[in-house]
Amino acid sequence: MSRDDPKAVEAENRLLEAERKKLARDGPKLRGAKLEARLEKTWRRPPGFLGWLATVDHKEIGRRYIITALIFLAMGGVLALIMRLQLARPDNNLVGAARYNELFTMHGSTMMFLFAVPVMEGIAIYIIPLMLGTRSTGFPRLNAYSYYMYLFGGLMLWGAFALNIAPDIGWFAYTPLSGPQFSPGKRADIWAQMITFTEVAALAAAVVLVATILKCRAPGMTLARMPLFAWAMLVVAVMIIFAMPSVALCSGMLISDRLVGTQFYNHFEHGDALLWQHLFWFFGHPEVYIIFLPATGFVSVMVETFCRRPVFAYPVVVLALISTGILAFGLWVHHMFATGLPRVGYSFYTAASMTVAIPTGLQIYCWLATMWDGRPRFQVPMLYVVGFIVTFVIGGLSGVIIAAVPLDLELHDTYFIVAHFHYVLIGGAVFPLLGILTYWFPKITGRMMSATFGKIGFWILFVGFQLTFFPMHFAGLLGMPRRVYTYPAGQGLELPNMLSTIGAFAVASAVLLFVINGVVSFFRGAPAPDNPWDASTLEWSVSSPPPVYNFEHIPVVESRTPLWDEKGDLPVATGLRVDDKEMLLTTVVAATPDLREPVAEPSMWPFIASCATGIFFVSSIFSPWAIVFGAIPTALAMAAWFWPSETQRHPEPVIG
Amino acid sequence: MLALPLCACSIQHYQSTFSDAAVEVRQFNTLFAIFLIVCAVMYSLVIAFLVGGIVRRRRAGEAYVVETGKHHETNPLMRIGIMVWGATVGMGLIALAIASFFADRSMARAAANEKLSITVTANQWWWDVQYNSADVSKTLRTANEIHLPVGVPVRIILLSNDVIHSFWVPSLAGKQDLIPGRENDISITPTKVGLYRGQCAEYCGTQHANMALVVQVEPYGDFLKWWQDSLKPAMKPTTLLAQAGYQYVTTRECAMCHTIAGTSAGGTVGPDLSHFASARSIAAGTLPMNEANILRWVDDPQSVKPGTKMPKVPLRPAELNAVTAYLETLK
């Protein structure tokens, strides 16, 4: 058949037209219960355990991410309690030196790599598509792969702890202590491979989030109308993409030093011990903002909803997020003020570290101005916002103090620092996290959390937190270094340490109360309406919990606070297929409809590929040959995953 | 919470930044006070704004902003406020950065006019201390204890034999890392006679917590006398028991690692023991110095300080007593 033949072309077009008519699309003719039933049938995952493993539903993956991360939080917290018991009294003998070193290594690694970053990603994976008005994340299979990699990395680390080969080199693993000469055995390798797992998982999740936020927004949701939480996650995901390669590089070099005898960190062979610190903190400092910026997104969400007013000065908040993200990469040397680098350089890093206080200070102003102009309703999430401001600002200001070189030289690696970063990470990230979990709990589970227990829990946590960490400032000033398993009597350290231990148990009981409240509410809580807090963003326009396809019709957005501005039904776009999984892609800036993208079907291959990658990573702890033999099954699984199918569909332009 | 600062004032400050025992720690405390005041002002502003926002909400009868339909408008006062706020934060930070810069430079200047040079080499988990002198016969090696003359600027050169450690005597000055393959230094000008404790501040392995040192600041005359005395070779044992211990220590395992001046013991792996018994503690602050503790340490170092590089040497009771008796004579 010749292309030039007009008759043939016409016939072909007729055929296509007929095909197109056979397709089912949502629209005026197909809506209501009939549409719901068809969408349900198209989008639901295959039944059974295999279907559970194969799912690519972002809500299911997000939920798993959140629950897994919270379990790791609990386990890391138990380690903290054991450490606090050991430090309750001077010259205590509850745990020995070696075990204590494992405890703080596991606590730090678990909290940073297995709790804080994954829980933020998990919440974003769950909520971002709902917030942006789309049916799926971009790259849903990559999303599934990301979760399994994260899970396997966490299981490997804690499996090692159970087998008594847990790492004991600190969560920062400074060379040469972590090198082959001073850490024989496999403990350091397990730490380094756990990093490999989590960095692969974090990078995959970051790519998913960037793609989703930039390309999957509802029509009309321009960048300037995007919810602030989406902005925060966009900045964070880009930061992950730039920060993780640095830790991949340095931990890769460490593994190679340990496994095949390279000498990157050995100064006798012209390596350099400090190279590790530069590469690690080039990742490690942005990591702190990777944890903190999503929390600022949570705060913006909660402040807006509970003050019933959009966040004051939206452009300032967005620019503050972006500039914090950029500055974060320019201040890693403030972790190295005691290493004897040139003083001129130090002055720049002091200035850069202090500069971070400007965007952060402006964000705090914006939230306070929103509260001033609106009328705050003190429901449980809002309490966490107030607790966040009162606590986090102390941590931010002690951060300004330790940005000064002469001050840091005394305070570095003391309990003053421990106090500082717990104020920043618990006050700045965990408080907003517990607030936002209370806030989104009804959307995720369909039931409300008990407000009474929520309030009691908040106050126990708030008071317990201050009791635990405020005395640590004094312990540091009184000369107590970090990472010591015991301290001598008579230095004045008894009182602050005893207070911290008592406070730690209060914090633990508050977290336990939160968990119990969550579990009880999940089974017996009051059923949640679609929009229990009367909030403004799109996730509240669907039922609680949301249907598997998220939205019946793709909403069209005309303002920053769509649910507050549309008094009737939301305007919608129609025309997406309902007999097959399809989502709408829009342009990056203006969010005009661009393409109809087929969504990947559930598949076992991400799970199989992550198993193959996991075996590859774990066995390469023991032999360099694993890199050769482990790569083959991984490559095969990936090839099968990406194998083009006969019925492969392609993105199609939007019609009309 | 208020009891804390009070208790901070009443305890002995031999390992604490609440101190005025050296030029460096005084500079720290001045700068720290400046930062605390500025930060307290900023914190009060934030809390006042927060409390103001919460109190305003109690105005009766006013509708929520959304219900008025004016929720996309901003208050002009707040717009001016954000500029004032940004400027205040910026200026506060600039002032602090300048204060920090000048404090840093003045500390660097102090390093230029040193009168005494000491080399401290860190090991897992003890401090090797060497007093440098142009006259080689006056070079002195000791361990875990540093004597400093009051009022004399001293430069301490910092080296490491294994992993990264950090030299920190909080009552005198800030810390500085000891990094294998690099040479760092720190300057201290002590201004007050006294005893100050320091310890390793960078995680360095199993016994990081038991890697302490003591700094004795004393009048210049006493310091010179101590140096002279320390240059003398170790005392000869007088009692029979101590002589038996001398025999053992200088001819058996001990001598492989330790030096005792004036004897055939010349190992350099462990601390110099020439004046062992005049130190205040055993094993870098692990145990106080006394006869019972010497015996306990020599008998089984691994149970006292698990992981230490000193092995358990299987001694018969008689040998153990002899070695202890000899070590006790090393004043």
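Keep in mind that what you see is a predicted model, and the values were worked out from it rather than measured. (Residues numbered from 1 in each chain as written. Chains lettered and ligands numbered in written order. Predicted model: local features only at pLDDT ≥ 70, side-chain atom pairs only at ≥ 80, totals over all residues.)

Trainee: Tell me about the overall build of chain B, and please be specific about residues and values.
Mentor: Scanning chain B from N- to C-terminus turns up ten helices and twelve strands. Radius of gyration (C-alpha) of chain B: 28 Å, far over the 20 Å computed for a compact globule of 331 residues. With the C-alpha coordinates of chain B rotated into their principal frame, the extents come out at 100 × 45 × 40 Å. Residue burial in chain B is summarised as follows: out of 331 residues, 40% are buried. (Helix = DSSP H or I, 4+ residues; strand = E, 2+ residues; numbered from the N terminus. Rg over C-alpha atoms; globule rule 2.2 N^0.38 Å. Buried ≥ 20, exposed ≤ 12 C-beta atoms within 10 Å, placed from the backbone.)

Trainee: Quick rundown of helix α20 (residues 625-642) of chain A? Include the residues and the values.
Mentor: Every α-helix carries 3.6 residues per turn, so stepping three or four residues along brings you back to the same face. The terminal C-alpha atoms of α20(A) lie 26 Å apart, and with 18 residues this matches the ideal 26 Å at 1.5 Å per residue to within 8%. At A631(A), α20(A) shows its largest kink, close to 25°, and the proline P633(A) lies no more than four residues downstream. (Expected span 1.5 Å × (residues − 1). Bend = angle between axes of the 7 residues up to and from the residue.)

Trainee: I'd like to hear about the interface of chain A and chain B, residue by residue, with values.
Mentor: Facing the 73 residues of chain A at the interface are 76 residues of chain B. Mapped by element, the contributors of at least two residues to the side of chain A that touches chain B are α5 (97-132), α9 (273-307), α11 (343-355), α12 (357-373), α13 (380-403), α14 (405-411), α16 (451-477) and α17 (494-524) of chain A. At eleven residues, α12(A) tops the list of elements feeding residues into the side of chain A that touches chain B. Considered class by class, the residues forming the side of chain A that touches chain B number 48 nonpolar, 16 polar and nine charged. (Contact = placed C-beta atoms within 7 Å. Nonpolar A, V, L, I, M, F, W, Y, C, P; charged D, E, K, R; others polar.)

Trainee: I'd like to hear about the sheet that holds strand β10 (residues 212-218) of chain B, residue by residue, with values.
Mentor: All names here are of chain B. Pairing in this open sheet of three strands is mixed, and the strands run β4-β10-β9 from one edge to the other. Sheet topology places β4 (145-149) and β9 (194-199) at the edges, where each strand pairs with a single neighbour. This sheet shows a mean twist of 25° between the axes of neighbouring strands, independent of strand direction. Docked against the sheet, helix α5 (residues 220-231) engages β4 and β10, running at close to 135° with respect to β4. (Pairing = 2+ DSSP bridges. Axes fitted to C-alpha atoms, helices over the stretch in contact; angles between N-to-C directions.)

Trainee: Explain the domain arrangement of chain A to me, using residue names and the numbers behind them.
Mentor: Residues and elements named next belong to chain A. Along its sequence, chain A is carved into domain 1 (23-48 + 538-653) and domain 2 (56-524). Once you take the C-alpha centre of each, domain 1 and domain 2 turn out to be 29 Å apart. Counting from both sides, the interface comprises 45 residues of domain 1 and, opposite them, 45 residues of domain 2. Mapped onto the side of domain 1 that touches domain 2, the elements with two or more residues apiece are β1 (554-555), β3 (582-586) and α19 (605-619). (Domains from an automatic or database assignment.)

Trainee: Report on the nonpolar core, specifying residues and quantitative values.
Mentor: In a soluble, globular protein the nonpolar side chains are often hidden away together inside. Counting 310 residues, the largest nonpolar core has A116(A), I128(A), A230(A), M233(A), I240(A) and M302(A) as its most contacted members. The dominant element in this core, judged by the number of residues it contributes, is α5(A), at 23 residues. (Core = buried A, V, L, I, M, F, W, Y, C linked by C-beta atoms within 7 Å.)

Trainee: Kindly report on unusual backbone geometry, identifying the contributing residues and their values.
Mentor: A cis amide bond links S544(A) with the next residue in sequence, P545(A), at an omega value of -10°. Tracing the sequence through the fold places P545(A) in the loop between α17 and β1. Residue W125(B) is bonded to the preceding Q124(B) through a cis peptide linkage, with omega at -5°. Mapped onto the elements, W125(B) comes out in the loop between β1 (116-123) and β2 (126-131).

Trainee: How would you explain the domain arrangement of chain B if you had to name every residue and give the values?
Mentor: Residue and element names in this part refer to chain B. With domains assigned, chain B is organised as domain 1 (12-57 + 65-230) and domain 2 (240-329). Inter-centroid distance (C-alpha atoms) of domain 1 to domain 2 is 35 Å. In this assembly, 19 residues from domain 1 lie in contact with 15 residues from domain 2. Listed by contribution, the elements that provide at least two residues to the side of domain 1 that touches domain 2 are β2, β3 (140-143) and β10. A breakdown of the residues in the side of domain 1 that touches domain 2 according to their chemical character gives eight nonpolar, eight polar and three charged.

Trainee: Summarise the sheet that holds β3(B); cite the residues concerned and give the values.
Mentor: All names here are of chain B. With respect to topology, five strands assemble into an open sheet ordered β3-β2-β1-β5-β8, the strand pairing being mixed. Strand pairing shows two members of the sheet lacking a second neighbour, β3 and β8 (184-188), which therefore form its edges. Within the sheet, the average angular offset between the axes of one strand and its neighbour, ignoring direction, is 25°. With five bridges joining them, strand β5 (residues 154-160) and β8 adopt antiparallel strand pairing. Among the inter-strand pairings, I157 is bridged to a residue of β8, identified as D185.

Trainee: Please give an account of the environment of F522(A) that cites residues and values.
Mentor: All names here are of chain A. As for its placement among the helices and strands, F522 is situated in helix α17. Considering only alpha carbons, one finds F522 and A243, 279 residues apart in sequence, at a separation of 37 Å. With sequence-adjacent residues up to four places away left out, F522 is seen in contact with T445 and R447.

Trainee: Tell me about the packing of α5(A) against α9(A), and please be specific about residues and values.
Mentor: All names here are of chain A. Where α5 contacts α9, the two axes come as close as 10 Å, and the packing angle between them is 40°. Compared by their axis directions, α5 and α9 come out oblique. Remark: the crossing between α5 and α9 carries left-handed chirality. For the pair formed by α5 and α9, the contact residues are M112, A116, V117, M120 and A124 on the first element and E287, I290, I291 and P294 on the second. For the contact of α5 with α9, the residue count by class is eight nonpolar, no polar and one charged. (Parallel < 35°, antiparallel > 145°, perpendicular 65-115°, else oblique. Left-handed = near helix turned anticlockwise from the far one by under 90°.)

Trainee: Give a description of the packing of helix α7 (residues 187-215) of chain A against helix α8 (residues 228-260) of chain A that names residues and reports values.
Mentor: All names here are of chain A. α8 packs onto α7 with a crossing angle of 155° between their chain directions and a minimal axis gap of 8 Å. With respect to each other, α7 and α8 are oriented roughly antiparallel. Note on packing geometry: the crossing formed by α7 with α8 is left-handed. Split by residue class, the contact of α7 with α8 holds 21 nonpolar, two polar and three charged.

Trainee: Now, about the confidence of the model for chain B: what can you tell me, with residues and values included?
Mentor: Residue and element names in this part refer to chain B. Confidence in the prediction for chain B averages 89 pLDDT; 93% of positions are at 70 or higher. Predicted confidence for residues 6-11 stays below pLDDT 50, and this span has eight contacts to residues more than four positions away or in other chains. We note a pTM of 0.94 for the whole complex and an ipTM of 0.94 for its interfaces. (pLDDT = per-residue confidence, 0-100.)

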